[in-house]
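Analysis of the macromolecular model
Residue-level listing of the chains:
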Amino acid sequence: MPNTPLHPLMFVGTGSDVGKSVIATAFCRIFLQDGYHPAPFKAQNMSLNSFATPDGLEIGRAQAVQAEAAGIACHTDMNPVLLKPQSDHTSQVILHGKPTGNQNARQYFRSEGREWLCCEVHNAFDRLQQQYNPVVMEGAGSISEINLRHTDIVNMPMAMYAGADVVLVADIDRGGVFASVYGSLMLLPEDERALVKGIIINKFRGDIELFRPGVKMMEDLCHVPVLGVIPYLTDVHIEEEDSMSLESSQCRHASHEPGVINIAVVRLRHMSNFTDFDAIEHLARVHIYYSSTPADLADADIIIIPGSKSTIDDLSRLHSSGMADAIRAASVRSATVLGICGGYQMMGQEVNDPLHIEGDVTQCKGLGLLPVVTTITAEKVTRQVTCEYGSGYEIHQGTTTLTGSAAPLLHLSDGSTDGYKSGRCMGTYLHGILDNLPFVEMLLQPHVTQSVEAAGSIMSYSDFKQQQYDLLAEHVRNNVNMDRIYKFLTAKK
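Residues numbered from 1 in each chain as written. Predicted model: local features only at pLDDT ≥ 70, side-chain atom pairs only at ≥ 80, totals over all residues. Heavy atoms only, no water.

1. As for unusual backbone geometry
Here is the rule we go by: Secondary structure elements follow DSSP: runs of H or I no shorter than four residues count as helices, runs of E no shorter than two count as strands, and numbering proceeds from the N terminus.
Residue Pro134 follows Asn133 across a cis peptide bond; omega there is -5 degrees. Among the secondary structure elements, Pro134 is positioned in the loop between α4 (114–131) and β9 (135–138). With phi around 60 degrees, His356 is a residue other than glycine that occupies positive phi space. As for its placement among the helices and strands, His356 is situated in the loop between β19 (350–352) and β20 (363–365).

Written out as structure tokens, the structure is:
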């Protein structure tokens, strides 16, 4: 069976955040478990959560996660176009892992020249199709944005090109599942609707048996089979595609439980790579929360300033909101302050943008916690690196120069150094540094009241993620009709 060629399988949605990425991740793992050689593909992604490939290029984090679940190294062909929002109207366009400039929505979605972009994503898919079986594809947002159909390169037009079997994913937790499924299908042209081989109802809460009549009603109404009803995931952790999950996070305040280490992540407006903190959320005796008010930092043992897509704007907001003063006050009372990427830049004396890379403001006073100055540059650094604590990756624009006395934080395998530390203040350009337990132990050590072993007595984060992929695959496999899926994936066309 693993030698049997499978059609490309594409998961599309009734809307954004319905669970397409997680389900695609599950199927990457399921196909791997079943002896196939799968690879993920999303023609166009919009996210501030990105990842550096082994060859130093940039793709969406979701496709890197899916590749990991598939047991392969990630590549830009898996996400040839990445849009990184700069503001409410403008995004940096990443093509094949490299920035091509900033465009507003009107510029990007214009019809003129769209054929060239279609050709680029089609070629990327073709290269994957030649190497992997099957290609697990993912759409973006809703498949029925009829006003954008003429410029769509990621949803049904991409499925038409690939000859993919399409599965529509709907989120029952948000309500209106019948209307969203029926409306999504009925708004498709007949040739596109014919590609839809099934429906998956996602994020179900309660007794599934009570929904059985609803499944029959949906099938009778839409004339498309329901392939499964997947219960809401509560005990499986998969890295999120974007930061929408943070908006509903209940962890916004410090814990007062004895012996707990409180870690406050500063909630920036333009926060990027928020999955940097996923690893420490699962450590015993650690409580992580996301703070946007000065009072929330009063009880923090460790404060982390994350990466940002607009460093100067977020830094300015820290000053105007009182968060900058609160961070400095926490440092005075011996809290540890860690800045990652843009957060590291903010910790210095000032951030300069002479080329107006980020906007009109050319200079902003830093937090003054490290003796460094940063200048934003046009060149973007994207690479994977290793250091004495493990591995990480860089995605940043800017050079940071030491102006006083501070020790390097990390020593890289190529002989260079990264970041600086002064007392309990430290900054690094390395995303993923917190995935390395030795670094986390060093970070927690000053605040551990019993033993560092209590805070670090779990499996490595890499092993933890592999375990979670297996649990996710089991969860999805047990709640969808895999026999039916394999039947249409192998049917003669």
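Let's pick the thread back up.
2. Description of the packing of helix α1 (residues 20–33) against helix α2 (residues 61–70)
Just so we agree on the cut-off: Every axis in this analysis is a line fitted to C-alpha atoms, fitted for helices over the stretch in contact. Angles between the N-to-C directions lie between 0 and 180 degrees. Angular relationships are summarised with four words: roughly parallel below 35 degrees, roughly antiparallel beyond 145, roughly perpendicular across 65 to 115, and oblique for the angles in between. Left-handed describes a crossing whose near helix is turned anticlockwise from the far helix through less than a right angle; right-handed describes the clockwise counterpart. Contact criterion: two residues are considered in contact whenever any of their non-hydrogen atoms come within 4.5 Å of each other.
Relative orientation of the contacting elements α1 and α2 amounts to 20 degrees, with a least axis distance of 7 Å. Judged by the angle between their axes, α1 and α2 are roughly parallel. With respect to the hand of their crossing, α1 and α2 are arranged in right-handed fashion. Residues Ser21, Ala24, Thr25, Cys28, Arg29 and Leu32 of α1 form the contact with α2, whose own contacting residues are Ala62, Val65, Gln66, Glu68, Ala69 and Ala70.

3. Examining helix α10 (residues 311–321)
For clarity, the cut-off: Relative accessibility thresholds used throughout: buried, under 20% of the residue-type maximum; exposed, over 50%; partly exposed, between the two (1.4 Å probe, protein chains only). As used here, the arc is the angular range of directions from the helix axis to the C-beta atoms.
Restricting attention to buried positions, one finds in α10 the residues Thr311, Ile312, Asp314, Leu315 and Leu318. Along the axis of α10, the buried residues cluster in a sector spanning 165 degrees; they form a single face. One or two residues past the end of α10 sits Gly322, with phi positive at roughly 90 degrees.

4. Structural notes on empty space enclosed by the protein
How we decide: Cavity means a closed set of points on a 1 Å grid over the protein atoms alone, one where a 1.4 Å probe fits but cannot get out, pocket means an open set with protein on both sides within 12 Å along at least 5 of 7 lines, and lining means a residue has an atom within 4 Å of a point. Grid points are joined across faces, edges and corners, and a volume is the space filled by probe spheres set on the points.
Per the counting criterion, the structure on display carries 5 cavities of 30 Å³ or more. In this structure, the largest cavity spans a volume of roughly 240 Å³. Those elements that place two or more of their residues in the lining of the largest cavity are α12 (342–346), β21 (372–387) and β22 (390–402).

5. Remarks on the layout of surface pockets
In this structure, the second largest pocket spans a volume of roughly 530 Å³. Lining of the second largest pocket is provided by 25 residues; of these, Phe51, Glu68, Ser391, Asp435 and Lys465 occupy positions nearest its centre. Broken down by secondary-structure element, the contributors of at least two residues to the lining of the second largest pocket are α2, β21, β22 and α15 (461–477). When residues of the lining of the second largest pocket are assigned to their parent elements, the largest contribution, 5 residues, is made by α2.

6. Observations regarding the sheet that holds β9
To be explicit about the condition: Strands qualify as paired when DSSP identifies two bridges or more between them.
Spatial ordering of the open sheet is given by β2-β9-β1-β10-β11-β12, a layout of 6 strands whose pairing is parallel. A strand with exactly one partner marks an edge of an open sheet, and here the two such strands are β2 (39–41) and β12 (226–231). The average angle at which neighbouring strand axes cross in this sheet is 20 degrees, direction not considered. Pairing geometry for strand β1 (residues 9–13) and β9, over 3 bridges, is parallel. Note on β9: the bridge partner recorded for Phe11 is Glu138. Each of β2 and β9 touches α4; the most contacted strand, β2, lies at about 170 degrees to it.

7. Topic: the nonpolar core
Within soluble globular proteins, side chains that are nonpolar tend to cluster in buried spots. Stated precisely, the cut-off is as follows: Here, nonpolar core refers to any group of buried Ala, Val, Leu, Ile, Met, Phe, Trp, Tyr and Cys residues whose side-chain atoms link them within 4.5 Å.
Grouped together as the largest cluster of nonpolar side chains are 90 residues, with contacts concentrated most on Phe11, Phe27 and Ile201. At 7 residues, α1 tops the list of elements feeding residues into this core. Look past the residues within four positions of Ile201 in its chain and what remains in contact with it is Ala170, Ile172, Val177, Phe211, Met218, Val226, Gly228, Val229 and Ile230. Among the nonpolar cores identified, the runner-up in size contains 64 residues, and Leu369, Cys425, Leu430 and Ile433 belong to it.

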